[in-house]
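Below, each chain spelled out in residue letters.
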Amino acid sequence: MGAARLPRLLRLIQALQSGRLCNSVQLAEECGVSRRTIFRDISILQEAGIHVLYDEERQGYCMPLRLSLPASQLSLSEAISLLLFCSELSDSTTGIPFQQDARQAAMKILEGLPRSVRETVAEITESMSIRIDSRNQLIGSQSLYEVLLSALIRREQIRVRYHSLTEASPLSTLLSPYRLLFSRRSWYVIGRSSWHRTVRTFNVGRLEQLELAGTFYKIPPRFSLDRYLGNAWHLIRGTPTGQTVKVQFDKQVAMNVAEVRWHKTQSAEWLEDGSVVLSFKVDGLSEIVWWILGYGRYARVLEPVTLKAMIHEHAQQMLAT
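Residues numbered from 1 in each chain as written. Predicted model: local features only at pLDDT ≥ 70, side-chain atom pairs only at ≥ 80, totals over all residues. Heavy atoms only, no water.

Per an unreviewed UniProt entry, the chain goes by Bifunctional biotin--[acetyl-CoA-carboxylase] synthetase/biotin operon repressor and derives from Planctopirus ephydatiae.

Section: the sheet that holds strand β6 (residues 198–203)
Quick note on the threshold: Paired strands, as defined in this entry, are two strands with at least two bridges between them according to DSSP. Each helix is a run of H or I in the DSSP string that is no shorter than four residues. Each strand is a run of E no shorter than two, and both are numbered from the N terminus. Angles here are taken between N-to-C directions and fall from 0 to 180 degrees, while the axes themselves are lines fitted to C-alpha atoms, restricted in helices to the stretch in contact.
Taken together, the 5 strands give an open sheet; going across it, the order is β6-β5-β4-β3-β7, and neighbouring strands pair in antiparallel fashion. Here the strands that pair on one side only, and so sit at the sheet edges, are β6 and β7 (207–216). On average, adjacent strands in this sheet sit at an angle of 45° to one another, irrespective of strand direction. The pairing of strand β3 (residues 156–162) with β7 spans 5 bridges and is classified as antiparallel. Bridge pairing in β7 places arginine 161 opposite glutamate 208.

Brief notes about the environment of threonine 215
To keep things clear, this is the line we draw: Only protein chains enter the calculation, and the probe is 1.4 Å; a residue is then buried if its accessible area is under 20% of its type maximum, exposed if over 50%, and partly exposed in between. We call two residues contacting when some pair of their heavy atoms lies within 4.5 Å. In the analysis that follows, any N or O atom pair within 3.5 Å is treated as a polar contact, provided that within protein one partner can donate a hydrogen and the other can accept it, and provided that, for residues neighboring in sequence, both atoms belong to side chains.
Mapped onto the elements of the fold, threonine 215 is located in strand β7. The exposure class assigned to threonine 215 is partly exposed, which follows from its relative accessible area of 35%. It is 5.7 Å that separates the C-alpha atoms of threonine 215 and glutamine 157, two residues lying 58 residues apart in sequence. Filtering out sequence-adjacent residues up to four positions away, threonine 215 remains in contact with Arg155, Glu156 and Gln157. Looking at threonine 215, its side chain comes within polar contact range of the side chain of glutamine 157, at 2.6 Å.

Observations regarding the sheet that holds strand β9 (residues 267–270)
With antiparallel pairing, the 4 strands of this open sheet are ordered in space as β9-β10-β8-β11. Both edges of this open sheet fall to β9 and β11 (299–303), since each of them pairs with a single strand only. Averaged over all pairs of adjacent strands, the angle between strand axes in this sheet comes to 25°, irrespective of strand direction. Strand direction decides the pairing type here: strand β8 (residues 243–249) and strand β10 (residues 276–282), joined by 7 bridges, are antiparallel. Paired with glutamine 248 across the strands is valine 277, a residue of β10. The strands that helix α11 (residues 305–320) touches are β8 and β11; relative to β11, the one it contacts most, it runs at about 145°.

Focus on the domain arrangement of the chain
Heads up, the rule is: Segmentation into domains, and thus their bounds, comes from an automatic or database assignment. Buried area counts how much accessible surface, traced with a 1.4 Å probe, disappears from two parts once they are put together, with both parts' losses summed. Think of a salt bridge as a Lys or Arg side-chain nitrogen and an Asp or Glu carboxyl oxygen that are within 4 Å of each other. Three classes are used: nonpolar for Ala, Val, Leu, Ile, Met, Phe, Trp, Tyr, Cys and Pro, charged for Asp, Glu, Lys and Arg, and polar for all others, with Gly counted as polar.
Here the domain parsing of the chain yields domain 1 (4–62), domain 2 (76–127), domain 3 (141–229) and domain 4 (243–319). Each of domain 2 and domain 3 has a C-alpha centre, and these two points are 31 Å apart. Contacts between the two partners involve 5 residues from domain 2 and, on the opposite side, 5 residues from domain 3. When domain 2 packs against domain 3, the two sides together hide about 490 Å² of surface, and 71% of this comes from carbon and sulfur. In this structure, the connection of domain 2 to domain 3 is made through 0 salt bridges. At the junction of domain 2 and domain 3, the tally comes to 2 residue pairs in polar contact (both at pLDDT 80 or more). Considering only residue class, the side of domain 2 that touches domain 3 consists of 3 nonpolar, 2 polar and no charged.

Considerations on the pattern of salt bridges
If you walk through the whole model with that rule in mind, you get 5 salt bridges. When the shortest N-O distance is used, the salt bridge between arginine 154 and glutamate 156 registers 2.9 Å. As a salt-bridge pair, arginine 161 and glutamate 208 come within 3.1 Å of each other at their nearest N and O atoms. Linking arginine 161 in strand β3 with glutamate 208 in strand β7, this pair joins segments that are 47 residues apart in sequence. Since its relative accessible area comes to 25%, arginine 161 is described here as partly exposed.

Quick look at the packing of helix α10 (residues 286–293) against α11
Packed helices, taken two at a time, are described by the angle between their axes plus the distance between the axes. Which entries qualify depends on this criterion: By definition in this entry, angles of less than 35 degrees are roughly parallel, angles greater than 145 are roughly antiparallel, angles of 65 to 115 are roughly perpendicular, and the rest are oblique. The hand of a helix crossing depends on one turn: near helix anticlockwise from the far one by less than a right angle means left-handed, and clockwise means right-handed.
Where α10 contacts α11, the two axes come as close as 10 Å, and the packing angle between them is 55°. One finds that α10 runs oblique with respect to α11. Relative to α11, α10 is oriented so that their crossing is right-handed. Every residue of α11 that contacts α10 at Ser286, Ile288, Val289, Trp290, Ile292 and Leu293 is listed here: Leu307, Met310, Ile311 and His314. Residue composition of the contact of α10 with α11, grouped by class: 8 nonpolar, 2 polar and no charged.

Brief notes about the nonpolar core
We count it as follows: Throughout, nonpolar core names a set of buried Ala, Val, Leu, Ile, Met, Phe, Trp, Tyr and Cys residues whose side chains join them through atoms within 4.5 Å.
Residues Val245, Phe249, Phe280, Ile288, Trp291, Ile292 and Leu307 are the most contacted members of the largest nonpolar core, which totals 21 residues. If you list the elements that add at least two residues to this core, you get β8, α9 (251–258), β10, α10, β11 and α11. When sequence neighbours within four positions are dropped, the list of residues in contact with isoleucine 292 reads Val247, Ala299, Val301, Leu307 and Ile311. Among the nonpolar cores identified, the runner-up in size contains 19 residues, and Leu144, Ala151, Leu171 and Val189 belong to it.

As structure tokens, this is what we get:
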């Protein structure tokens, strides 16, 4: 399912469960799409076993106020996979913040399995675990996340105050959220900011005084997360020049580095001495500087010259402290 379709389907379900009868024109306006798309989305819901009612006399759609997804016959491997991902990645201390619903869903799945299968699944999942990188605990940000999710589903703008690392004081802006993204260590919201007059990325942990504005927006049909981030090393795109970066790693760390897919443009060249040269096409160099410095003397920048100079300057500053 496309990234843009899920929020739209959730918004459609919300409209259908509002208690009022909605025709296709009203639903199209509510979701910001064409009537043809609405008919297709309704078909998707019906094929998934979700009961959408149509009133012939009043020519409108609605849905029962209480919605339960249909039960599924899961194989052992499917049940294990769902339980593992839902339980481990929603753990309050080691998982992705604000995913408690996933843990509750996992428990409901487990309860619905036959006892023999349930015992087998429980035994296997105890032997498996998933741990993500160190991440922002986002203490006190649960309510902000929920408002952001609601705004994204409803396509409603939000007023926020944000502690930017590049500004001396908190900034206030009207934000139209396009995407919610969990990447590496934290949740981010990406959307158009009235203060910046362009699409920007905001760390949820640095948001405060967030409230729904009561005004609505449409996500540009050509917007995509991949296009927005381009070839950024992580989230800071910088100037979209697509510079070629080559870094040589000594044999002590070569295998450890090369076996990880750090960037979508990555390629590797193994040398006779056991070292490896990794090459990337990167928009902006600041984030890759921090990554290279983490390997200390085992990493050497081959190109570009600009990146060599940046690494040298950081090293000099570290020695001077």
